[in-house]
Amino acid sequence: MKRVVPSPAKVEIGFTGDRLTGTGGAALLAEAARRFGLPERLAEAVSVKKRNRGASDAETQWSVIASLASGNGSLSDLDALREDGVQRELLGLSSAPSGRRAGEFLSRLTKRDVESLRGVARHLSRCVAPEVVAHELEEKGYVPVFVDGTGIEVSGRLFEHAARLYTGERGYWLHAVFVGGLWVSGRLRPGGDVACGWKGQLKRDVAPLLPKGVPAWVRCDAAYYRGAFVEHVRGEGWDLSISVTDPNKCRPVLDVVEGLPEHGWEDIGKGESATWVRYRPSKWKGSGRRSRAMWWCGCARSGRASCCRASR
């Protein structure tokens, strides 16, 4: 057996009286918050604290936001922030709550408080979105909009209001929408419909960020393969792509390509070939003869329709 001889690098250890922190990026976060007036808006949005001591409502909310932005997703991470005087100074916090106090604060929020915070989030999105939209137009010529419903499975009695997902497990749906790389909308809902609430999110959280005439391309998975969703997106004047993997939904397209000759396929690399097939679902609004809409389904030779694209 070969003997392993440790040979660590030579390290010099010293001491300093300087005040240090491992999260110096908090200064950039705080600058953005000041630029958009976030502390003031948080103070106006929520007021649930009963005693005038410790961290204020606004400081508690700002502490949670800053902790999440640093990649710390647990309430206990706030205890580290509370002890990091340099980070607190960079964030402009005179006081920070413990994880326990923050949890108590969050438990007292009402639906009205949540709606007020949603208004703050919309304000921030409208402040940042113009630069994001301009960047995407310059880089791509259009603005990508990604709509997604992510299942979060949970177990145990500590998770309240969780409901059954389509997989049969208990959990929540996190419905998120991104405009370019900007997360502009998020809703956490107990189980149920995988695509629940998309209309409100597109109407109130996304549409105000995209000026009329700006080319936008909405992308999502098969959960949004439904006539009402497609019609709404088309009504906004946006392009649309939906990934379709359900065999029943793919069937009409696959029937069209059944027996297609070899010259009808195009090599797309990595041993796969594809073709374009036009198909218009008869039950969807606007799919009749008088409609100018065309529903295009790209079909990969692997035996499934890879996307459904609506255009005018």
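Not measured: the values here are computed from a predicted model.

### Quick notes on a positive patch on the surface
Reasoning step 1: Among the surface-exposed residues, K50, R51, R53 and R108 lie close enough to one another that they form a single positively charged patch.
Reasoning step 2: For R51, the location among the structural elements is in the loop between α2 (38–45) and α3 (57–69).

### Considering the packing of α2 against α3
Reasoning step 1: Two numbers describe how α2 lies on α3: the axes approach to 8 Å, and their chain directions differ by 125 degrees. Relative to α3, the element α2 lies oblique. Relative to α3, α2 is oriented so that their crossing is right-handed. Across the interface between the two elements, L38, P39, L42 and A43 from α2 touch A58, Q61, W62 and I65 from α3.
Reasoning step 2: Here the contact of α2 with α3 is built from residues that sort into seven nonpolar, one polar and no charged.

### Things to note about the pattern of salt bridges
Reasoning step 1: Counted according to the given criterion, the structure contains 14 salt bridges.
Reasoning step 2: Among the ionic pairs, E104 bridges to R100, the shortest N-O distance being 3.6 Å. With E104 and R100 both in helix α6 (residues 99–107) and four residues apart, the pair spans about one turn of that helix.
Reasoning step 3: Using a relative accessible area of 66% as the deciding quantity, one classes R100 as exposed.
Reasoning step 4: Residue D193 pairs with R226 through a salt bridge whose shortest N-O separation is 3.2 Å. Of this pair, D193 sits in the loop between β4 (182–190) and α8 (198–206) while R226 sits in the loop between β5 (216–220) and α9 (227–235), and the two are 33 residues apart along the sequence.
Reasoning step 5: A residue is classified by how much of its surface remains accessible, and R226, at 28% relative accessible area, is partly exposed.

### Digging into the nonpolar core
The nonpolar side chains of a soluble globular protein tend to be buried with one another.
Reasoning step 1: V145, V179, V206, L210, F229 and W238 are the most contacted members of the largest nonpolar core, which has 41 residues in total.
Reasoning step 2: Broken down by element, the residue count for this core peaks at four residues, all from helix α10 (residues 247–257).
Reasoning step 3: A26, A33, V46 and V120 belong to the second-largest nonpolar core, a separate cluster that totals 20 residues.

Criteria and thresholds
- Residues numbered from 1 in each chain as written.
- Predicted model: local features only at pLDDT ≥ 70, side-chain atom pairs only at ≥ 80, totals over all residues.
- Heavy atoms only, no water.
- Patch = residues over 30% accessible without salt bridge, like charges linked within 9 Å, V, L, I, M, F, W, Y side chains within 5 Å.
- Areas by Shrake-Rupley, 256 points an atom, 1.4 Å probe, with all protein chains shown as cover.
- Salt bridge = Lys/Arg side-chain N within 4 Å of Asp/Glu carboxyl O.
- Lys, Arg positive; Asp, Glu negative; His and termini not counted.
- Charge placed at Lys NZ, Arg CZ, Asp CG, Glu CD.
- Helix = DSSP H or I, 4+ residues; strand = E, 2+ residues; numbered from the N terminus.
- Axes fitted to C-alpha atoms, helices over the stretch in contact; angles between N-to-C directions.
- Parallel < 35°, antiparallel > 145°, perpendicular 65-115°, else oblique.
- Left-handed = near helix turned anticlockwise from the far one by under 90°.
- Contact = heavy atoms within 4.5 Å.
- Nonpolar A, V, L, I, M, F, W, Y, C, P; charged D, E, K, R; others polar.
- Buried < 20%, exposed > 50% of the residue type's maximum accessible area, 1.4 Å probe, protein only.
- Core = buried A, V, L, I, M, F, W, Y, C linked by side-chain atoms within 4.5 Å.

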